[in-house]
Amino acid sequence: MRCLFCGADQPEVLTFRTLLLAEDKTGFCRSCREQLAPIAVQNSCQLCGRDLSILDPKLVHEHICYDCTQWKKSGRNGLYEKNYAAYHYNAFIKDILNQFKFRGDSVLADGFADEMKKIFRRIKKEQRLKNSFSLFRPHDEEYVLVPIPLSMKRLAERGFNQAEVLAETLDMPILNALTRVKHEPKQSKKTRSERLLMRETPFHLENEYVSFILGKKVLLIDDIYTTGATMRLAAHALTKGNPLRVDSLALIHG
Ligand SMILES: [Zn+2]
Ligand SMILES: [Zn+2]
């Protein structure tokens, strides 16, 4: 089997260990996998999933990072609760993302399917645990997956939406409930504070999806969580459908 990223041949060694650890098998070779920076659950921010172990301890308070504290204070979270992330952003994953986005290499999503599934199991487990402490247990239902959409223009450039490709790895029904009504300038051209201050949502909840969102837990899916503005703007657009809560899963926190 060839590595999805570098193309190196991966010898398919069947040992007792590889049989036991079927989950360890990904589409990436060992040397590519070793360049990824997975975020350990115990080190992650409880609200945005970032790796707190590489952050200045002064910016962390009770397992919550400074940015999340600011978001809380801003009163702009609305129904949005938390983000989960698998990897910390580094030069290597940046290369993978570029390949994934611009070379139309959606096959790379296969390389992350196991990791996506693993996090999704963690999300469900966490929710079950939370519900077991609650008196009324109304939230036991499954999440509805909503990928963060691209604008029509960018979708035409790329030919696929990477967030949707990642959502597909979870083998759950996907609702393409949101559209991106405005073509925003690329995020990288804005400063961090500009992005944090962005007021108007570019997202729109399509009317025919309103009834599918009502009373449901929504899990937004995207490739990367940067400032958290995109997720909150998308969650804001969903409020028209009265979901129970909105969380998100991003492959990378960067
Ligand atoms: Zn490789
Ligand atoms: Zn945080």
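Placed above this text is the structure.
These lines cover the structure that appears in this document, whether it is placed above or below. All values reported here derive from a predicted model rather than from experimental measurement.

1. Concerning the overall build of the chain
- Counting its secondary structure elements, the chain contains ten helices and eight strands.
- A burial count over the chain gives 46% of its 254 residues as buried.
- In the chain, 74% of the contacts between residues at least 6 apart in sequence involve partners at least 24 apart.

2. A word on the pattern of salt bridges
- Inspection of every chain in the model, using the stated rule, returns ten salt bridges.
- Among the ionic pairs, lysine 117 bridges to aspartate 171, the shortest N-O distance being 3.7 Å. Placement of lysine 117 in helix α5 (residues 108-132) and of aspartate 171 in the loop between α7 (162-168) and β5 (178-180) is noted, with a sequence separation of 54 residues between them.
- Of the residues examined, aspartate 171 reaches a relative accessible area of 62% and is grouped as exposed.
- Between aspartate 247 and arginine 245 there is a salt bridge; the shortest N-O distance is 2.8 Å.
- The class of arginine 245 is buried, set by a relative accessible area of 7%.
- One salt-bridge network, held together by shared partners, links Glu81, Arg245 and Asp247.

3. Examining the environment of methionine 231
- By secondary structure assignment, the location of methionine 231 is in helix α10 (residues 229-238).
- Excluding its chain neighbours within four sequence positions, the residues that come into contact with methionine 231 are Tyr80, Asn83, Ile148, Leu220, Asp222, Tyr225, Ser248, Leu249 and Ala250.

4. Concerning the packing of aromatic side chains
- Counted by the stated rule, this structure contains six aromatic pairs.
- When the ring of phenylalanine 5 is compared with that of phenylalanine 92, the centres are 5.1 Å apart and the planes differ by 75°; the resulting orientation is edge-to-face. On the criterion of sequence distance, the pair formed by phenylalanine 5 in the segment before α1 (16-20) and phenylalanine 92 in helix α4 (residues 91-102) is long-range, its members being 87 residues apart.
- For phenylalanine 92, a relative accessible area of 9% gives the class buried.
- With centroids separated by 6.5 Å and ring planes inclined at 55°, the aromatic side chains of phenylalanine 120 and tyrosine 143 adopt a geometry described as tilted. Of the two residues, phenylalanine 120 sits in helix α5 while tyrosine 143 sits in strand β4 (residues 143-147), which places them 23 residues apart along the sequence. Across the pair, exposure class does not vary: phenylalanine 120 and tyrosine 143 are buried alike.

5. Brief notes about the coordination of the zinc ion (ligand 1)
- For the zinc ion (ligand 1), the full set of protein donor atoms is Cys3 (SG), Cys6 (SG), Cys29 (SG) and Cys32 (SG), and the range of their distances to it is 2.3 Å.
- Around the zinc ion (ligand 1) sit four donor atoms, and with donor-metal-donor angles ranging over 106 to 113° the site reads as tetrahedral.
- All donors of the zinc ion (ligand 1) come from a single chain, and their spacing in sequence reads C-x2-C-x22-C-x2-C. Separated by 23 residues along the polypeptide, cysteine 6 in the segment before α1 and cysteine 29 in the loop between α1 and α2 (30-33) bring together distant segments of the chain.

6. A few points about the packing of α4 against α5
- At their nearest, the axes of α4 and α5 sit 10 Å apart, and the two run at 125° to each other. Between α4 and α5, the angle falls in the class oblique. On α5, the residues that touch Ile93, Ile96, Gln99 and Phe100 of α4 are Leu108, Ala109 and Phe112.
- Taken together, the residues that form the contact of α4 with α5 break down as six nonpolar, one polar and no charged.

7. A few points about the coordination of the zinc ion (ligand 2)
- Bound to the zinc ion (ligand 2) on the protein side are Cys45 (SG), Cys48 (SG), Cys65 (SG) and Cys68 (SG), at distances that span 2.3 Å.
- Around the zinc ion (ligand 2), the four donor atoms sit at angles spanning 104 to 119°, and that spread fits a shape best called tetrahedral.

8. Description of the pairing of strand β8 (residues 245-253)
- Of all the nine residues making up β8, nine are buried; the element is thus mostly covered by neighbouring parts of the structure.
- Relative to β8, strand β3 (residues 80-88) is paired through six bridges, and the arrangement is parallel. From the neighbouring strand, tyrosine 84 faces β8, where its bridge partner is leucine 249.
- In this sheet, β8 lies alongside strand β7 (residues 217-225) in parallel orientation, the contact comprising eight bridges. Note on β8: the bridge partner recorded for aspartate 222 is alanine 250.

9. A word on the pairing of β4
- Among the five residues that make up β4, five are buried, leaving the element largely enclosed by the rest of the structure.
- Side chains Tyr143, Leu145 and Pro147 project from β4 onto one buried face, and the interleaved Val144 and Val146 project onto a second face that is buried too.
- Bridge count for β4 against β7 is five bridges, and the pairing is parallel. Opposite valine 146, over in β7, you have leucine 220 as the bridge partner.

About the thresholds
- Residues numbered from 1 in each chain as written.
- Chains lettered and ligands numbered in written order.
- Predicted model: local features only at pLDDT ≥ 70, side-chain atom pairs only at ≥ 80, totals over all residues.
- Heavy atoms only, no water.
- Helix = DSSP H or I, 4+ residues; strand = E, 2+ residues; numbered from the N terminus.
- Buried < 20%, exposed > 50% of the residue type's maximum accessible area, 1.4 Å probe, protein only.
- Contact = heavy atoms within 4.5 Å.
- Salt bridge = Lys/Arg side-chain N within 4 Å of Asp/Glu carboxyl O.
- Phe/Tyr/Trp six-rings, centres within 6.5 Å; stacked < 30°, edge-to-face > 60°.
- Donors = N, O, S within 2.8 Å, 3.2 Å for Na, K, Ca; no water.
- Tetrahedral: all angles 85-135°; square planar, octahedral: opposite > 155°, others 65-115°.
- Axes fitted to C-alpha atoms, helices over the stretch in contact; angles between N-to-C directions.
- Parallel < 35°, antiparallel > 145°, perpendicular 65-115°, else oblique.
- Nonpolar A, V, L, I, M, F, W, Y, C, P; charged D, E, K, R; others polar.
- Pairing = 2+ DSSP bridges.

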